[in-house]
Amino acid sequence: MHILVVNDDGPPSQPGHTVSVVLPHSQRSWIGKAHLVGKTVTPTYFRPGTLHTDDGTTHDRPRQDGGEEWILVDGTPASCAQIGIHHYFNEKGPIDLVVSGPNYGRNSTALQYGKRAIALSYAFSNRNHDPVIIKGASTVSVRIVKYLHENWKEGVDLYSVNVPLIEDVDKPKTKILYTSMLQNYWTSGSSFEPVDAEDELSPEESEAQIRELGEGEVRHEEPQNGLRHRKFKWAPKLQDVLDSSEPGNDGWAVWKGHVRQISCNPEKDLIGQEVHLPIGETILEDSTKKPNLEDRKNRVYALVDYEDAYVEPKILAALRKYVPSITAVRDPSELPQTGDVKVLTWSAYEKIPFEEVVENPDTILSCSYIIRKALIRKHHLALTVRHHIAKNPASILTTSFPITCDFELDFAEFLDEALMEAYEVAESLADNEKKEPNERTWWILKPGMSDRGQGIRLFSTTDELTEIFESFEEDSDDGDEDRDDTKNDTSVVTNQLRHFVAQQYVHPPLLVDSRKFHIRTYVLAVGGLKVFVYKHMLALFAARKYSPPWEDDDLTAHLTNTCLQTGEREGSVRLFWNLGKEVGKKNLQSIWEMICGTVAETFEGAARGQRVHFQTLPNAFEIYGVDFVVGKDMEISLLEVNAYPDFKQTGEELGGIIQTEGDMVKVLDINLGSW
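First things first, this report covers the structure right here in the doc.

**Examining the overall build of the protein chain**
Counting secondary structure elements, the protein chain contains 17 helices and 28 strands. Looking at the protein chain residue by residue over its 675 residues, the buried ones come to 46%. For the protein chain, the proportion of contacts with a sequence separation of at least 24, taken over those separated by at least 6, is 71%. Accessible surface for the protein chain amounts to roughly 34800 Å². Of this, 49% is attributable to carbon and sulfur atoms.

Put into structure tokens, the structure is as follows:
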């Protein structure tokens, strides 16, 4: 089969097919059927390089050795199709199928070439496109194209295919529909936004004005009659398209999210027929049921703008699975301005409209509390635990939270004064001076407001701690331009952070295969206040085999943050409950119970004892990543609490763990209400 690919980047030829490629040399969305009248189209010639790399080259003249090259045309997709069908590739035989795409964004127009043609688009609600999702969309697109070619309906010239960029779109459970095409209407007005250009002059106009005014003269504005000079920016209000999406058309099908959709014109009687692709079960929904217009005013919306290409697609997939009636949008302007609308805001912290969250407890649900420093700031967490232990001497936190002292420091020269606030550390360091390194109590330094391993160092004497802070200042003086690689650099600037904690280092830790690990526990806090612990915990391993800090100062044996690891990371992330062979099943159960108890008391201590720094809301929830390390004696130590945890550390292999249904264990239920 000879396939002509137009409109977007085409793949190399695949076994069993001849693929020819003609593309616009620049982005040409929204004008699929157009031609540029009076323009002489000039092609250039692209010679593709290695797959998945950017080493292809562009030339003004075609190659003469018969090698592969694509045609780049300074025209529209319609021009590409015309030129490809009629003026190139005759030596390969006639064109059997034209594939236009994949185009990013739902098909708004479709080309018709006088050949069998398929217009393929990837529909999306945001631009956080995980490569795994794109791969799934591409896989299913190939299957759909193959099926359509083998089952082409009589009288059909064109199929317009919209594949939503959502998780698991290539799985058998995904539905495939024939639909009618959505008729787009810009009901809210113009799809252009005027930009005032009255003061913008061409070089010729500027020169003429200068000559007219003369040197040193100032132009005085005069009242203007007639038209005002403006420019117009393309700014379509795509909510209009969503509002006109009724069951039975392709806009509705894509909006449903879980549906792969095939539009077919002109053969209207195909609507409602089942699509039998050879990839597993397919289900055709009733596409003729008319919507209840009142329902649109009473929809539940999800405003999802998480800014994480790994997490956001999983959020959207979960919402569609468990709340199928929900409508996901990315921008607040897409939310209806009237009607009884309920909104789930699942966005980056900085983008949450907290003022509206507080004022609308019955209609807005937020994915984060406003203030939770008592938990997520290391120096505040230490204070939270100290106060809770003082009121509850029998608390599990007396053994599950290492001795932690907080202090403030701007420059290394003031360290002695700073340590006066952290007398336990000062006394320990003084005592260590008399001991051999292997007999000392070791400490770990952590900036109070950093993450991803930044600023973490080990020390056992005052001199070592002084050297650490002096090295931070040297790094700051050197500047980034003197560093060869800053990606995994863990240094910090002391006077920009100020708040630090010194925590007693857990040695010896429990080792598995001679490597240190920490346990990542996902915790859900809801309202004011219920707390749940997710049973599917992870074990995150250091990159190197463990050695005591006095034998090796390489932090890679001590830091278990997988985000700091480069190169081969096999075995760096494992399931906690799969460590039974190395740790023992009874020990795993004991560790789990201690973690549940520690989480409960930590959150209760913050909620009851630090209400200024942990303000609960009835219409908020939040997911935390809580980290623990286990000692050789099988006792746990709480390390830190992270808001907006880095789920990507889970990795692709275990990515399904964060989507598993159930297994949330409630460890705390207190009714504190709203702050």
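What follows continues from the structure just given.
**What about the sheet that holds strand β13 (residues 300–305)?**
Strands sit in the order β14-β13-β15-β16 across an open sheet of four strands; the sheet is parallel. With partners counted over all chains shown, the strands left at the sheet margins are β14 (327–329) and β16 (364–366), one partner each. Each adjacent strand pair in this sheet contributes to an overall mean axis angle of 20 degrees, direction not counted. As paired strands, β13 and strand β15 (residues 342–347) are joined by six bridges and run parallel to one another. Looking at β15, one finds that Ala 302 is bridged to Leu 344. Its contacts with the sheet put helix α7 (residues 312–322) on β13, β14 and β15, and the angle it makes with β13 is roughly 170 degrees.

**A closer look at the nonpolar core**
Counting 73 residues, the largest nonpolar core has Trp 346, Ile 519, Leu 529, Ile 591, Phe 603, Phe 614 and Tyr 624 as the members making the most contacts within it. Take this core: its biggest share by element is 11 residues, from helix α17 (residues 585–609). Every residue in contact with Phe 603, bar those within four places of it in the chain, is listed here: Leu 375, Val 523, Ala 525, Leu 529, Val 531, Phe 614, Tyr 624 and Leu 668. Membership of the second largest hydrophobic core comes to 29 residues, among which are Leu 97, Val 145, Tyr 159 and Val 169.

**As for the packing of aromatic side chains**
The final tally for this structure, using the stated rule, is 18 aromatic pairs. Ring geometry for Phe 46 and Trp 70: centres 5.5 Å apart, planes at 45 degrees, overall tilted. In this pair, Phe 46 is assigned in strand β3 (residues 43–47) and Trp 70 in strand β5 (residues 70–73), connecting sequence segments 24 residues apart. No difference in accessibility class separates Phe 46 from Trp 70, as the two residues are buried. Measuring from centroid to centroid gives 6.4 Å for Phe 603 and Phe 614, while their planes differ by 80 degrees, and the two rings are edge-to-face. Placement of Phe 603 in helix α17 and of Phe 614 in the loop between α17 and β26 (621–630) is noted, with a sequence separation of 11 residues between them. For the pair shown, Phe 603 and Phe 614 are each scored as buried. Among the aromatic residues, ring-to-ring pairing joins Tyr 369, Phe 603, Phe 614 and Tyr 624 into one connected group. One cation-aromatic arrangement involves Lys 314 over Tyr 310; the distance from NZ or CZ to the ring centre is 4.8 Å.

**Quick look at α7**
A large share of α7 lies buried, amounting to eight of its 11 residues. Within α7, burial applies to Glu 312, Pro 313, Lys 314, Ile 315, Leu 316, Ala 317, Leu 319 and Arg 320.

**Description of the pattern of salt bridges**
Inspection of the entire model under this criterion finds 19 salt bridges. Residue Lys 351 pairs with Asp 305 through a salt bridge whose shortest N-O separation is 2.8 Å. Here Lys 351 is found in the loop between β15 and α8 (354–359), whereas its partner Asp 305 is found in strand β13, with 46 residues between them in sequence. Owing to a relative accessible area of 42%, Lys 351 belongs among the partly exposed residues under this scheme. You can call Asp 305 buried: its relative accessible area is 8%. Close ionic contact of Glu 640 with Lys 378 constitutes a salt bridge, the shortest N to O distance being 3.7 Å. A residue pair is termed long-range when its members are at least 10 positions apart, and Glu 640 in strand β27 (residues 636–643) and Lys 378 in helix α10 (residues 378–391) qualify at 262 residues. We note that Glu 640, like Lys 378, is buried. When salt bridges with common partners are traced through the structure, they connect Asp 305, Glu 307, Glu 312, Arg 330 and Lys 351 into a single cluster.

**Comments concerning a negative patch on the surface**
A grouping of Glu 433, Asp 463, Glu 467, Glu 470 and Glu 474 is seen on the molecular surface, where their side chains present a negatively charged patch. By the element assignment, Glu 467 lies in helix α14 (residues 462–478).

**A look at the environment of Thr 466**
Looking at where Thr 466 falls in the secondary structure, it is placed in helix α14. What makes Thr 466 partly exposed here is its relative accessible area of 21%. It is 8.2 Å that separates the C-alpha atoms of Thr 466 and Glu 413, two residues lying 53 residues apart in sequence.

Rules used in this analysis
- Residues numbered from 1 in each chain as written.
- Predicted model: local features only at pLDDT ≥ 70, side-chain atom pairs only at ≥ 80, totals over all residues.
- Heavy atoms only, no water.
- Helix = DSSP H or I, 4+ residues; strand = E, 2+ residues; numbered from the N terminus.
- Buried < 20%, exposed > 50% of the residue type's maximum accessible area, 1.4 Å probe, protein only.
- Contact = heavy atoms within 4.5 Å.
- Areas by Shrake-Rupley, 256 points an atom, 1.4 Å probe, with all protein chains shown as cover.
- Pairing = 2+ DSSP bridges.
- Axes fitted to C-alpha atoms, helices over the stretch in contact; angles between N-to-C directions.
- Core = buried A, V, L, I, M, F, W, Y, C linked by side-chain atoms within 4.5 Å.
- Phe/Tyr/Trp six-rings, centres within 6.5 Å; stacked < 30°, edge-to-face > 60°.
- Lys NZ or Arg CZ within 6 Å of the ring centre and 35° of its normal.
- Salt bridge = Lys/Arg side-chain N within 4 Å of Asp/Glu carboxyl O.
- Patch = residues over 30% accessible without salt bridge, like charges linked within 9 Å, V, L, I, M, F, W, Y side chains within 5 Å.
- Lys, Arg positive; Asp, Glu negative; His and termini not counted.
- Charge placed at Lys NZ, Arg CZ, Asp CG, Glu CD.

Distances and angles like these do not, on their own, reveal function.
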